[in-house]
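For reference, the chains in residue letters:
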Amino acid sequence: MTAIEFPGEPRRRGSNLEKWGWIYMRASGVVLLVLIFGHLFMNLMVGDGIQAIDFGFVGGKWADPFWQWWDVLMLWLALIHGANGMRTLVNDYTNPGTVQKVLKGALFAAAAVLIILGTLVVFTFEPCPAGAPADLLPSFCAA
Ligand code: HEM
């Protein structure tokens, strides 16, 4: 595909981060549709639906690598998608300068902290904490 060239604009060479950001928003949007609606369907509609959500339900899901990776992928894609989308808004609504830098720095920091903490929670979650009442835990803890 030939890039559109505007008179007076230097020809772009090498990687173009803005272009990849644009592609990322579309690609992650499609994947997020599947992940988010799959997540809502499994948590709210299958079996007892929303009534079934408690510690044991979450512990049971995160004992399965499939759901761990499903949730972590959803976390990463959504946070990067949301932060990058907000970066676009900051670019559109603020002038280059300190305020813009602070806003983008805050977006980056918030996304990074939540990605790191969320990933740690999903992969280090203890579904059978010692001393907890058995009726609150997933069924496999009793064994
Ligand atoms: C159902 C899944 C989703 C789909 C299909 C989707 C799709 C998209 C697309 C295609 C864009 C680009 C729009 C443009 O450039 O004009 C976009 C922008 C954006 N998305 Fe999503 N998205 C989804 C979920 C999310 C989630 C979960 C968040 C928050 C974490 C989010 C936050 C944003 C933000 C802040 C923007 C920038 C808004 C703008 O450019 O006006 N999206 N989304």
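The rules we used
Residues numbered from 1 in each chain as written. Predicted model: local features only at pLDDT ≥ 70, side-chain atom pairs only at ≥ 80, totals over all residues. Heavy atoms only, no water. UniProt positions renumbered as here; feature names shortened; annotations may be inferred. Helix = DSSP H or I, 4+ residues; strand = E, 2+ residues; numbered from the N terminus. Donors = N, O, S within 2.8 Å, 3.2 Å for Na, K, Ca; no water. Disulfide = S-S within 2.5 Å. Buried < 20%, exposed > 50% of the residue type's maximum accessible area, 1.4 Å probe, protein only. Near = heavy atom within 4 Å. Polar contact = N/O pair within 3.5 Å; in protein donor to acceptor, adjacent residues only side chain to side chain. Patch = residues over 30% accessible without salt bridge, like charges linked within 9 Å, V, L, I, M, F, W, Y side chains within 5 Å. Areas by Shrake-Rupley, 256 points an atom, 1.4 Å probe, with all protein chains shown as cover. Salt bridge = Lys/Arg side-chain N within 4 Å of Asp/Glu carboxyl O. Contact = heavy atoms within 4.5 Å.

1. Digging into the UniProt feature "transmembrane region" (unreviewed entry) in the protein
Under the feature "transmembrane region" (unreviewed entry), the UniProt entry names residues 21–46, 66–84 and 105–125. This span, residues 21–46, is 92% helix and 0% strand, and a straight line between its end C-alpha atoms measures 35 Å. A distance of 27 Å separates the end C-alpha atoms of residues 66–84, which is 100% helix and 0% strand.

2. Focus: the coordination of the iron atom of the ligand
For the iron atom of the ligand, the protein contributes exactly one donor atom, His 81 (NE2), at 2.0 Å. With respect to the element layout, His 81 can be found in helix α3 (residues 65–93).

3. With respect to the state of the cysteines
Scanning the model with the defined rule gives one disulfide in all. Paired by a disulfide, Cys 128 and Cys 141 hold their sulfur atoms 2.0 Å apart. Linking Cys 128 and Cys 141, the disulfide has an S-S dihedral of approximately -80° and is accordingly described as left-handed. Here Cys 128, found in the segment after α4 (98–124), pairs with Cys 141, found in the segment after α4; they are 13 residues apart in sequence, far enough to count as distant. When its relative accessible area of 18% is taken as the criterion, Cys 141 is described as buried.

4. Some remarks on the site of the ligand
Taken together, the residues surrounding the ligand are Met 25, Arg 26, Gly 29, Leu 32, Leu 33, Ala 78, His 81, Gly 82, Gly 85, Met 86 and Leu 89. Between the ligand and Arg 26, the relevant distance is 3.3 Å, taken from an oxygen atom to a side-chain nitrogen or oxygen of the residue. One of the side-chain nitrogen or oxygen atoms of His 81 is found 2.8 Å away from a nitrogen atom of the ligand. Elements with a contribution of two residues or more to the shell around the ligand: α1 (17–44) and α3.

5. Examining a nonpolar patch on the surface
A contiguous nonpolar surface patch, about 1000 Å² in accessible area, is contributed by Leu 33, Val 34, Ile 36, Phe 37, Leu 40, Phe 41, Leu 44, Met 45, Val 46, Ile 50 and Ile 53. Residue position: Val 46 is located in the loop between α1 and α2 (55–61). For Val 46, a relative accessible area of 37% corresponds to the partly exposed category.

6. Digging into the environment of Phe 123
By the element assignment, Phe 123 lies in helix α4. Taking relative accessible area as the criterion, Phe 123 reaches 34% and is therefore assigned partly exposed. The sequence separation of Phe 123 and Val 72 amounts to 51 residues, and the corresponding C-alpha distance is 8.9 Å.

7. Remarks on the side chain of Asn 43
Position of Asn 43 relative to the elements: it lies in helix α1. Polar side-chain contacts of Asn 43 include one of 2.7 Å to the side chain of Lys 61. Excluding residues that lie within four positions of it along the chain, Asn 43 makes contacts with Gly 49, Ile 50, Ile 53, Phe 57 and Lys 61.

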